[in-house]
Amino acid sequence: MYSRHAPVQVADEGTWATGPEEIVMPDFNSLYSQNALNMKKSIIRELLKLTNKPGLISFAGGLPAPETFPVEDLRVAADAVFTKNPEVGLQYGTTEGDPALKAELVKIEASDGVKVGPDNILVTSASQQALDILPKVFLDPGDWIIAGHPTYLGTIQAIQSYQGKILGVPFAAEEDGFDLGEMERRYAAHRAAGMSIKYIYVIPDFQNPTGICWSLEKRQALLRFAYRENLLIIEDSPYREIRFVGKHIPSIYQLDQEMENRGIVVGLKTFSKILIPGARMGWIIAHPELIAKFVVAKQAMDLCTNVFTQRWIAEFLATGKLRSVIENTRANYRAKRMFMLEQLQKHMPTHPDIHWTKPEGGLFLWLSLPKSINTDEMFTKAIAKNVAYVVGSAFYFDDVEHNSMRLNFSFSSKADIEEGIKRLAEVVRGELAAHPQE
Ligand SMILES: Cc1ncc(COP(=O)(O)O)c(C=O)c1O
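Cut-off values and rules
Residues numbered from 1 in each chain as written. Predicted model: local features only at pLDDT ≥ 70, side-chain atom pairs only at ≥ 80, totals over all residues. Heavy atoms only, no water. Near = heavy atom within 4 Å. Polar contact = N/O pair within 3.5 Å; in protein donor to acceptor, adjacent residues only side chain to side chain. Areas by Shrake-Rupley, 256 points an atom, 1.4 Å probe, with all protein chains shown as cover. Pairing = 2+ DSSP bridges. Helix = DSSP H or I, 4+ residues; strand = E, 2+ residues; numbered from the N terminus. Buried < 20%, exposed > 50% of the residue type's maximum accessible area, 1.4 Å probe, protein only. Domains from an automatic or database assignment. Axes fitted to C-alpha atoms, helices over the stretch in contact; angles between N-to-C directions. Parallel < 35°, antiparallel > 145°, perpendicular 65-115°, else oblique. Left-handed = near helix turned anticlockwise from the far one by under 90°. Contact = heavy atoms within 4.5 Å. Salt bridge = Lys/Arg side-chain N within 4 Å of Asp/Glu carboxyl O. Right-handed = clockwise from strand over helix to strand, strands pointing away.

Draft legend 1. Structural context of the site of the ligand. Contacts to the ligand come from 15 residues, most closely from Asn-208, Asp-236, Tyr-239, Thr-270 and Ser-272. In the environment of the ligand, an oxygen atom lies 2.4 Å from a nitrogen or oxygen atom belonging to the side chain of Tyr-239. Here an oxygen atom of the ligand and a side-chain polar atom of Ser-272 are 2.6 Å apart. Notes on the ligand: free accessible area 400 Å², of which the protein chains cover 92%.

Structural data, given as structure tokens:
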């Protein structure tokens, strides 16, 4: 317990003022659970606060381009919830999800080659809720998952808040998925040491943060490994539909259905990047037995996903306009991604250790700098020059690398991309001069 000068109530006025009295304040830390003590603030959200500076060009957030939002169609769909069945749309719903929305989700999955029925689906408050349900259901404190090194920060946060551990696997130099040989070696060493490993977490389509897309062969090899070792695969796919170049590759969920159909893949889907993120609407596809378990875990969180929003999105989907929204989004990001690559080529200093990924889809690319440059330390210099990125270190959970950054190309205008990359290149040039490689 500790004490400090505390606000005191001013008699008769019912207001508070700071006075000299010492009162004892509770030591909240002694009350937190181990899970709460393990929770870490999102570095991205903290850094994003710095990027509100006027005139600053931010490549930091993961925001979709607002010009892709079908505002008028969504307004009409929202009106329909009030006019058609308000007694349903404004009421509690089932935890599993609204039947009208689920019927639309079954069609969306079928159009991606995945055969599921309503019993395979749980509607969630976007993918982030699914990422919290998974460790809640599968991990005891000290249990492990396998994930890319680096990987999505929101997943790291969720795992750590359940006292889970992450076995990191580096990506292959070919940028076609994990280095699977390395994964098997690390997995075997952990198993030999008695570690309990529950699932493999992958973002096979245009990974956040690197933009890497898994090849067909690696997806199949990962499945064979999971079959052999009795592991689940969590396939997190918010960017799957946003492909600009290259050919379509089946999802791991589909491949399992075509290979041994063991039902070991859990698919995480969301409308955040293909429609709007503000609706907070997503869904899990999985074996019905797993869905039943997820339902119980979700019940304690929110009873059911926002019913009004489910019906709103279902109304919009029934118009059949999602396809054209996705086409429009793809065209928009394809142009911006090309443009950012051109600007990087034009302005970044030429150096053997300066390179970036050329993603075939998604919202991000990954820029690596020489090891002598620490992008955490460089961040404040970039902010001073009015340009922001996400420090690469935020996406590592151990063995942290400090010489990379994630750049978002979906949100900024072309003019801002040009100016922002120029500013960033200038900051990098300054760092190269200040920290020549040993
Ligand atoms: C890989 C990945 N998974 C999940 C999410 C969470 O998305 P949402 O909760 O908006 O569906 C994100 C968001 O950027 C992401 O990049």
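Draft legend 2. Region of the structure containing the sheet that holds strand β14 (residues 390–391). Taking strand neighbours across the sheet as the criterion, the four strands line up as β11-β12-β15-β14 in an open arrangement whose pairing is antiparallel. Of all strands in the sheet, those bounded by a partner on one side alone are β11 (355–356) and β14. Strand direction decides the pairing type here: β14 and strand β15 (residues 404–408), joined by two bridges, are antiparallel. Bridge pairing links Val-390 to Arg-406 in β15.

Draft legend 3. Layout of unusual backbone geometry. With an omega of 20 degrees, the peptide bond running from His-149 to Pro-150 counts as cis. Position of Pro-150 relative to the elements: it lies in the loop between β5 (144–148) and α7 (153–161). Of note, the bond from Asn-208 into Pro-209 is cis; its omega dihedral lies within 30 degrees of zero at 20 degrees. Within the element layout of this structure, Pro-209 appears in the loop between β7 (197–202) and α9 (216–229). Unlike most non-glycine residues, Ala-126 shows phi in positive territory, near 60 degrees. Relative to the helices and strands, Ala-126 resides in helix α6 (residues 126–138). With a relative accessible area of 1%, Ala-126 lands in the buried category.

Draft legend 4. Just the domain arrangement of the protein chain, in detail. Along its sequence, the protein chain is organised into domain 1 (2–30), domain 2 (43–69 + 324–434) and domain 3 (71–322). Once you take the C-alpha centre of each, domain 1 and domain 3 turn out to be 47 Å apart.

Draft legend 5. Here's a closer look at the packing of helix α3 (residues 71–83) against helix α12 (residues 307–318). In the contact formed by α3 and α12, the axes pass within 8 Å of each other and the chain directions differ by 125 degrees. Here α12 runs oblique to α3, going by the angle between their axes. α12 is crossed by α3, and the crossing has right-handed handedness. In this structure, α3 contributes Asp-73, Leu-74, Ala-77, Ala-78, Ala-80, Val-81 and Phe-82 to the contact, and α12 contributes Phe-308, Arg-311, Trp-312, Glu-315 and Phe-316.

Draft legend 6. Structural detail: the pattern of salt bridges. The final tally for this structure, using the stated rule, is 24 salt bridges. As a salt-bridge pair, Glu-184 and Arg-228 come within 2.9 Å of each other at their nearest N and O atoms. You can see Glu-184 sitting in helix α8 (residues 180–192) and its partner Arg-228 sitting in helix α9, a full 44 residues away along the chain. By relative accessible area, Arg-228 is classed as exposed at 52%.

Draft legend 7. How the structure looks around the pairing of strand β6 (residues 165–169). Of all the five residues making up β6, four are buried; the element is thus mostly covered by neighbouring parts of the structure. For β5 and β6, the ladder comprises five bridges, and the chain directions are parallel. Each residue of the ladder has a partner; that of Ala-147, found in β6, is Gly-168. Crossover handedness for the path β5 to α7 to β6: right-handed.

Draft legend 8. Representation of the environment of Gln-207. Assignment of secondary structure puts Gln-207 in the loop between β7 and α9. Ignoring anything within four residues of it in the chain, the contact list for Gln-207 reads Pro-150, Thr-151, Phe-171 and Ile-212. In terms of polar contacts, Gln-207 uses its side chain to reach the backbone carbonyl oxygen of Pro-150, at 2.9 Å. In terms of polar contacts, Gln-207 uses its side chain to reach the side chain of Thr-210, at 2.6 Å.

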